[in-house]
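# Reading the structure
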Amino acid sequence: MLFLILPALAARATEIQSVTSPKGVTAWLVEDYSVPVVAIRFAFGGGSTQDPPGKEGLANLMTGLFHEGAGPLDSEAFQIKLDDAGAEMSFGATRDGIYGSLRMLAEQRHEAFDLLRLAVNEPRFDQAPIDRIRAQVLSGIIANENDPDTVARNRWARAVYGDHPYSRSDQGTRQSIAAITQDDLKALHKAVFARGELHVAVVGAIDPETLKKKLDLVFGDLPQNPALAPVADVTPALAQRVEVSYDLPQTSLQLAWPGVKRNAADFFPAVLMNRILGGPFTSRLWQEVREKRGLAYRVKSSLVNQDHADALIVTTGTRSDRAAETLGVVRDVVKRLAEDGLTEAELAATKKYLIGAYAIKNLNSSSSIAATLVQLQLDDLGTDYMQRRTGLIDAVTRDQVKAVAKKLLSSEPSIMVVGPPLASAGKG
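Residues numbered from 1 in each chain as written. Predicted model: local features only at pLDDT ≥ 70, side-chain atom pairs only at ≥ 80, totals over all residues. Heavy atoms only, no water.

Another point: the nonpolar core. Of all hydrophobic cores here, the largest spans 60 residues; its most connected members are Met273, Leu277, Leu373 and Leu409. In contact with Leu277, not counting residues within four places along its chain, are Ser283, Arg284, Leu285, Ser301, Leu312, Val314, Val333, Val334, Leu337 and Leu409. The next biggest cluster of nonpolar side chains, apart from the first, holds 54 residues, and it includes Ala59, Leu82, Val120 and Leu185. (Core = buried A, V, L, I, M, F, W, Y, C linked by side-chain atoms within 4.5 Å. Buried < 20%, exposed > 50% of the residue type's maximum accessible area, 1.4 Å probe, protein only. Contact = heavy atoms within 4.5 Å.)

The tally for this structure, following the rule as stated, stands at eleven aromatic pairs. Positioned over the ring face of Tyr353 is Arg275, at 3.6 Å from the centre of the ring. (Phe/Tyr/Trp six-rings, centres within 6.5 Å; stacked < 30°, edge-to-face > 60°. Lys NZ or Arg CZ within 6 Å of the ring centre and 35° of its normal.)

Right, let's talk about the sheet that holds strand S13 (residues 414–419) for a bit. Think of a sheet as strands paired side by side through backbone hydrogen bonds, with each pair either parallel or antiparallel. The mixed open sheet is built from five strands, whose spatial order is S9-S13-S10-S12-S11. With one partner strand each, in any of the chains shown, strand S9 (241–245) and strand S11 (299–305) form the two edges of the open sheet. Strand-to-strand twist in this sheet, taken as the mean axis angle between neighbours without regard to direction, amounts to 15°. Bridge count for strand S10 (residues 250–258) against S13 is five bridges, and the pairing is antiparallel. Across the sheet, Ala256 pairs through a bridge with Ser414, a residue of S13. (Pairing = 2+ DSSP bridges. Helix = DSSP H or I, 4+ residues; strand = E, 2+ residues; numbered from the N terminus. Axes fitted to C-alpha atoms, helices over the stretch in contact; angles between N-to-C directions.)

Looking now at helix H8 (residues 182–192). Listed as buried for H8 are Asp184, Leu185, Leu188, His189, Ala191 and Val192. Viewed end-on, H8 has its buried residues packed into an arc of 165°, placing them on one side of the element. Opposite the buried face of H8, by more than 90 degrees, sit the exposed residues Asp183 and Lys190. Where H8 is buried, its residues touch strand S3 (37–45), helix H2 (58–63), strand S7 (97–105), helix H4 (109–121), helix H5 (127–144) and helix H7 (174–179). (Arc of directions from axis to C-beta.)

H4 packs onto helix H3 (residues 75–84) with a crossing angle of 150° between their chain directions and a minimal axis gap of 10 Å. When the axes of H3 and H4 are compared, the crossing they make is left-handed. Here Phe78, Lys81 and Leu82 of H3 lie close against H4, whose contacting residues are Leu115, Leu118 and Ala119. Residue composition of the contact of H3 with H4, by class: five nonpolar, no polar and one charged. (Left-handed = near helix turned anticlockwise from the far one by under 90°. Nonpolar A, V, L, I, M, F, W, Y, C, P; charged D, E, K, R; others polar.)

Our next topic: the pattern of salt bridges. This model, assessed by the stated rule, comprises 22 salt bridges. In this structure, the salt-bridge partner of Asp332 is Arg336, at a minimum N-O distance of 3.1 Å. Separated by four residues within a single helix, Asp332 and Arg336 lie in helix H12 (residues 323–340), roughly one turn from each other. Exposure remark for Asp332: the relative accessible area of 31% places this residue in the partly exposed category. Given the relative accessible area of 31%, Arg336 is considered partly exposed. Look at the salt bridges and you will find they share partners, linking Asp114, Arg117 and Glu122 into a network. (Salt bridge = Lys/Arg side-chain N within 4 Å of Asp/Glu carboxyl O.)

Here Ala239, not a glycine, exhibits a phi torsion of approximately 55°, which is positive. Here Ala239 shows up in the loop between helix H9 (208–219) and S9. On the basis of relative accessible area, Ala239 is assigned to the exposed category, the value being 53%. Positive phi, normally seen in glycine, also occurs at Phe281, with a value near 75°.

Dropping the structure here:
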């Protein structure tokens, strides 16, 4: 069924209309009347990087409160109305943005959009819900204090990003969560929720004229410009070792090399290189670490693009007594790709995969299409990107991939080891 539906979904996803409301709110719209559902996804610039010092976790706490009461409706009344409208609403924070989404039945869109209007414009931030959600967050922080992965993640962020906001925990600490007040929540909401850094995508059974009215209803009365604290770009610190010692039967390894910006000329060569290095099933790391040696169940590489930093990350986990060997294999695979490049067969197969897999990963539901369209806006790629994407991938040459592999992978990486200390670094 999925493969029958996907081609139609993918075809409709490329029919993007840019819709601007009378008050100047712009959204990308994909009309789809195959099911009576409407999905909206939106993003405001400024996420956890906007948490004031000593109030880390503020953005995360705020996003847990938007359906805990808004306008004249307290928490219980708001959620009853949401259920009655047959709608699903969610909010979340990343380092660089505040995201929201609403999925609703088309016939109940008036009620659902009005609830979204209240959540976006008039969140109550009542003390009882604040205390309840704060307690939930605090419980997670306490539980994670002895979790090796969380401890390692926090230590890694501090080592790689120094005193940059990216080094801070999105959840915050016991002390910072306790220090957050109702006024802090109201101030962050006022600073971030503005039209100047707003990106919106809508997919489903709604026409442009109706959408224009809903855009003004939900977002039209927000201030034009956000009041965001400036955030500097940062280059991740490489060539260091971060060891998080735990007596565990399995060791986790993470390595970081320089990344490439999303708008860089060699971005697509880097995407192809990354897939050849550490994609699933056929990549070099998969073959050498998992298939040939059975050192790990999972191993992958990822290009990480954030607003203020970029990196190429390799992660894997293995038996602790074979961790040094695994690290050596990973570094050897990376070294050979940096020095020798790739084959034409690898390039052709990787292009075919990246072109074919896009719809399955990004266009398999109205909600995923909406999320994809918001990300395309954030990346400033234009409404015609999906039509251009195949050509951009096909145009990449073997020499371009070889050049970007040498550029990124010749550096000495930062390495994190979570588990017993390694007997050997496995320089490779």
